[in-house]
Amino acid sequence: MSRPFYITTPIYYVNDKPHLGHAYATMCADTFARFHRMIGDRTRFLTGTDEHGQKVEEAAKKRSLTPQQLVDDVAPHFSAMWDALGISNDDFVRTTEGRHKDVVRALWKRIAERNRDDLYLASYSGWYCVACEAFYTESQLEKQGEQWVCTIHHRPVDWIAKERSWFFRLSAYQQRLIDHIEANPDFIRPDAYRKEVLGFLRGEVRDLSVSRTSFRWGIDVPEGDPDGDHHVIYVWMDALVNYLSALGMSGDLYETFWKTGAVHLIGKDILRFHAVYWPCFLMAAELPLPRTILCTGWWTIGGRKISKSIPATRVDPVQLAGDLNSDRALGIDALRYFLLRETPLGNDGDLIYENLIERHNADLANDLGNLFNRSLTMIGKFAPVAPPAFDGAAAGALAEVANGAIAAARAAWEAFQPSRALEATWKLVAEANAFIDRTKPWALAKEGKHAELAQVLGALQASLWTLRLLVAPAMPATARALGRVLGVDASHDDDVRWPEAFGQGMPAMRLQAPSPLFPRIDEKRGVELVNGWLGEAAAPPAPAPAPPTSTTTSTSTPTSTVTIASAPIVFDDFGKIDLRVAQVVTAQAVPKAKKLLHLTVDVGEGRHRTVVAGIAEAYKPEQLVGRKVLLVANLAPATIRGIQSEGMILAAGDDAIVGLGAVDPDVPVGTRVR
Ligand code: MSP
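Residues numbered from 1 in each chain as written. Predicted model: local features only at pLDDT ≥ 70, side-chain atom pairs only at ≥ 80, totals over all residues. Heavy atoms only, no water.

A. Quick look at the site of the ligand. The ligand sits among 24 residues. The nearest are Ile 11, Asp 50, Gly 267, Asp 269 and Trp 299. His 22 is positioned such that a nitrogen or oxygen atom in its side chain is 3.4 Å from an oxygen atom of the ligand. Within the backbone of Trp 299, a nitrogen or oxygen atom sits 2.8 Å from a nitrogen atom of the ligand. About the coverage of the ligand: the protein hides 97% of its 660 Å² of free accessible area. (Near = heavy atom within 4 Å. Polar contact = N/O pair within 3.5 Å; in protein donor to acceptor, adjacent residues only side chain to side chain. Areas by Shrake-Rupley, 256 points an atom, 1.4 Å probe, with all protein chains shown as cover.)

B. Highlighting the pattern of salt bridges. Scanning the model with the defined rule gives 30 salt bridges in all. Residues Arg 94 and Glu 51 are paired through a salt bridge, measuring 2.6 Å at the closest nitrogen-oxygen approach. Of the two residues, Arg 94 sits in strand E4 (residues 91-94) while Glu 51 sits in the loop between strand E3 (43-50) and helix H2 (54-62), which places them 43 residues apart along the sequence. It is possible to trace a salt-bridge network through shared partners that takes in Arg 44, Asp 91, Glu 97 and Arg 99. (Salt bridge = Lys/Arg side-chain N within 4 Å of Asp/Glu carboxyl O. Helix = DSSP H or I, 4+ residues; strand = E, 2+ residues; numbered from the N terminus.)

C. Broad picture of the nonpolar core. In terms of nonpolar packing, the biggest core is built from 119 residues, with Phe 32 and Tyr 353 touching the most fellow members. Composition of this core by domain shows at least three residues from each of domain 1 (5-315) and domain 2 (349-492). Counting residues in each nonpolar core, the second largest holds 82 residues, with Cys 129, Ile 160, Trp 258 and Trp 298 among its members. (Core = buried A, V, L, I, M, F, W, Y, C linked by side-chain atoms within 4.5 Å. Buried < 20%, exposed > 50% of the residue type's maximum accessible area, 1.4 Å probe, protein only. Domains from an automatic or database assignment.)

D. Looking closely at the pairing of strand E20 (residues 597-602). With six of six residues buried, E20 is to be regarded as a mostly interior element. Residue alternation in E20 divides its side chains into two sets, Leu 597, Leu 599 and Val 601 and His 598, Thr 600 and Asp 602, and both sets are buried. As paired elements, strand E19 (residues 579-589) and E20 share six bridges and run antiparallel to each other. Looking across to E20, one finds that Thr 586 is bridged to Thr 600. For E20 and strand E21 (residues 608-613), the ladder comprises six bridges, and the chain directions are antiparallel. (Pairing = 2+ DSSP bridges.)

E. Just the domain arrangement of the protein chain, in detail. Splitting the protein chain by domain gives domain 1 (5-315), domain 2 (349-492) and domain 3 (571-673). Each of domain 2 and domain 3 was reduced to a C-alpha centroid, and the two centroids are 45 Å apart. Taken together, the contacts link six residues of domain 2 with six residues of domain 3. Surface buried jointly by domain 2 and domain 3 totals about 430 Å² across both partners, of which 45% is contributed by carbon and sulfur atoms. Among the residues of domain 2 in contact with domain 3, Ile 352, Glu 354 and Glu 358 are the three that bury the most area, contributing 78% of the side total. Here domain 2 and domain 3 share zero salt bridges between them. Across the contact surface, domain 2 and domain 3 share three residue pairs in polar contact (both at pLDDT 80 or more). Taken together, the residues of the side of domain 2 that touches domain 3 sort by class into three nonpolar, one polar and two charged. (Contact = heavy atoms within 4.5 Å. Buried area = accessible area lost by both parts, 1.4 Å probe. Nonpolar A, V, L, I, M, F, W, Y, C, P; charged D, E, K, R; others polar.)

F. A look at the sheet that holds strand E11 (residues 208-209). What the four strands build is an open sheet, ordered E6-E5-E9-E11; its pairing is antiparallel. Among the strands making up the open sheet, the edge pair consists of strand E6 (134-136) and E11.

G. Broad picture of the side chain of Thr 610. With respect to the helices and strands, the residue Thr 610 is situated in strand E21. Judged by its relative accessible area of 0%, Thr 610 falls in the buried class. Side chain to side chain, Thr 610 and Asn 531 meet in a polar contact 3.2 Å long.

H. Expanded view of helix H6 (residues 191-201). Taken together, the buried positions of H6 are occupied by Tyr 193, Arg 194, Val 197, Leu 198 and Leu 201. All buried residues of H6 fall inside an arc of 140° around its axis, so they share one side. Residues of H6 that are exposed and point over 90 degrees away from its buried face: Ala 192 and Lys 195. (Arc of directions from axis to C-beta.)

I. Fine view of the state of the cysteines. Throughout the structure, instances matching the rule amount to zero disulfides. In this structure Cys 28 is not part of a disulfide, and its nearest cysteine sulfur, from Cys 295, lies 11 Å away. Accessibility expressed as a relative area gives 0% for Cys 28, which makes it buried. Counting only cysteine sulfurs, Cys 132 is the nearest neighbor of Cys 129, a cysteine outside any disulfide, at a range of 3.7 Å. (Disulfide = S-S within 2.5 Å.)

J. Just unusual backbone geometry, in detail. Following Arg 189, the chain continues into Pro 190 via a peptide bond in cis, with omega recorded as -15°. By the element assignment, Pro 190 lies in the loop between strand E10 (188-189) and H6. Even without a glycine there, the phi angle at Glu 286 is positive, about 55°. With respect to the helices and strands, Glu 286 occurs in the loop between helix H10 (271-284) and strand E15 (292-296). Judged by relative accessible area, which is 44%, Glu 286 ranks as partly exposed.

K. Region of the structure containing the packing of helix H13 (residues 353-382) against helix H15 (residues 418-439). Look at H13 against H15: their axes get within 10 Å of each other, and the N-to-C directions meet at 45°. By the criterion of interaxial angle, the relationship of H13 to H15 is oblique. Like other packed secondary-structure pairs, H13 and H15 cross with a definite hand, here left-handed. Between H13 and H15, the residues in contact are Asp 363, Leu 364, Asp 367, Leu 368, Leu 371, Arg 374, Ser 375 and Met 378 and Trp 426, Val 429, Ala 432, Asn 433, Ile 436 and Asp 437, respectively. In the contact of H13 with H15, the residues fall into eight nonpolar, two polar and four charged. (Axes fitted to C-alpha atoms, helices over the stretch in contact; angles between N-to-C directions. Parallel < 35°, antiparallel > 145°, perpendicular 65-115°, else oblique. Left-handed = near helix turned anticlockwise from the far one by under 90°.)

L. Structural view of the confidence of the model for the protein chain. For the protein chain, per-residue confidence averages 87 on the pLDDT scale, and 90% of positions sit at 70 or higher. Note on residues 536-565: pLDDT is under 50 here. Beyond four places in sequence and across chains, it has 28 contacts. (pLDDT = per-residue confidence, 0-100.)

M. Expanded view of the sheet that holds strand E16 (residues 299-301). Read across the open sheet, the three strands follow the order E17-E16-E18; overall the sheet is mixed. Each of the sheet's edge strands pairs with one partner strand only, and the pair in question is strand E17 (304-305) and strand E18 (349-350). The pairing of E16 with E17 spans two bridges and is classified as antiparallel. Bridge pairing in E17 places Ile 301 opposite Arg 304.

N. Region of the structure containing the packing of helix H5 (residues 174-183) against H6. Their axes nearest at 10 Å, the elements H5 and H6 cross at an angle of 155°. On the basis of their axis angle, the class for H5 and H6 is roughly antiparallel. The two elements H5 and H6 meet at a crossing, and its hand is left-handed. Along the contact surface, H5 presents Gln 174, Leu 177, Ile 178, Ile 181 and Glu 182, while H6 presents Arg 194, Val 197, Leu 198 and Leu 201.

O. Main features of H13. The end-to-end C-alpha separation of H13 is 41 Å, in line with the 44 Å expected for 30 residues at 1.5 Å each. The sharpest bend along H13 measures roughly 35° and falls at Asn 370. (Expected span 1.5 Å × (residues − 1). Bend = angle between axes of the 7 residues up to and from the residue.)

P. The packing of aromatic side chains, seen in detail. Scanning the entire structure with this criterion turns up 26 aromatic pairs. On the numbers, 5.9 Å between centres and 10° between planes, the contact of Phe 168 with Tyr 173 is stacked. Connected via pairs of aromatic rings, a cluster forms that spans Phe 5, Phe 32, Phe 35, Trp 413, Phe 416 and Trp 498. Across the ring face of Tyr 128, the terminal group of Arg 212 is positioned such that the distance to the ring centre comes to 4.4 Å. (Phe/Tyr/Trp six-rings, centres within 6.5 Å; stacked < 30°, edge-to-face > 60°. Lys NZ or Arg CZ within 6 Å of the ring centre and 35° of its normal.)

See below:
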């Protein structure tokens, strides 16, 4: 039965440009929106930008801009990125818009009118993380030396000394919220996050400070300034309201989408705001609650969260995938497929570029791409003698697998499990490929078994048609391209409907000649792509390589008994080695190579080099990022596991590496070591 579906992404802070972590949330929401449109649900998909708060005010100051100038400068980067990535949002809300500010004030007033005691003035002192825009108790922070540090951003928190503020009586809703979560198993998903929130709610829940007086960039508290201080509404109480303000508090959109319950897709760092504060604000305002808080994990790179505050992790999705109009790089759909398939929603995923290429080649180029190519070629060749004739009953195991895939993928999309949905879809890809191998259409043609051949071709054609629909939520551009080669081009994505059963409702098709959908990325191209993604800033070629000189010394224990086994060299020989201080920018495991790490190192003046180092058994990638090392900068480049290595990192030890070359942290990168 169809029912309205309203999905939202978090609204993004505009203190910097979007990165892959943001794109992941938006792509997931886009995929669910597309699926719901396909099953005929009236669908609305909202994204936007979070433009108030201390963080934005500080970012503006740093760039000598007013906050308004900054947000007007940065917000378009987000909408432009979603356009470039073909995101199908129906609305884009900015918290500096009048329609939003009106609803924030209206909500505040509504709470004050209906539950007067829930908003009260009191004094507050405590730790505040500007990056999170959140207050923390010491038990929620980490101590580093003398400083308390936020566990998400790893930066020191600020002590807010006795600020007078408005408070929201969160404690009054604690039990009601527990009851709601227990009665509605779908309210927080996946389940691990539901347990986390229940754990939090079963502890001591403190009231929430919901106004600030120490800065101006926000929405004024409608009560005015009872004690002479100027209060702006706490940025989270402002931002969360976007989900409602974009619909309005009355009218068709509100009735249709708010009343049936929103699905808020969020990242795990903002779970508490969405799963605790937001429903409590709504309860206090006596408004309907969202249907589901859908929580994703984090994408990391070399074990570190992709984050604005760590430049080396700031992966640009358009650089990675290209945009809608470019065919260089990987392709948006290949990136979407990887992100959705690689790790179950809710789990963290480490972005390993080689895996991205591997999945592209295996699942997309080989499995899906080849299935289309082989099938279209055969149908084109044999149709004149055996025009495809579909008979579901005769398709046997293929029909069974196809119907299983249609049902399982649908159930998985409905349950917000993209990796499972795609896994189910690829069962049909595999079965259709196996069907060709089993039925051998070329042999049927040779033997003149035309009736049987026509049915085999018909079943294949139905598989292509089904797959084109099953991949559409995750890979919209691919679905359109497949529609074109099948000659069933839908003029608009909305015309594409989820299939009921294998071959059912299949339209007449005018198959076109195949063209490679996902051209295989060969080793050379793969290395180029990975180097480009790792930020390889066209490093000048290494100077003419000197023949590698053995410099092995045994340094196991610094005692007088250490023997230097190598033959002596003269100073001129040593002088041929260009040793430099370098800093590790990114580090990743090399797939299927236990000992190797793929590093990018900064060699000074913004130049980066790729180095493959055999130190994976001694160091985890995340231990290396930011670390200074010694690099043999003029070692002849060598290709190791398909990656071009341009230098060697010095480490002590042979089989068991016990330490990287020690470098005083103050020595600038690029410094020559003699
Ligand atoms: N402005 C708040 C959200 C307000 S919603 C009412 C905010 N903005 S943010 O720009 O910092 O982050 C937005 C979302 O991006 C969060 O859900 C966050 O989890 C997600 N991601 C940021 N980095 C991410 C990864 N590395 N991986 C996955 N998602 C990540 O928080």
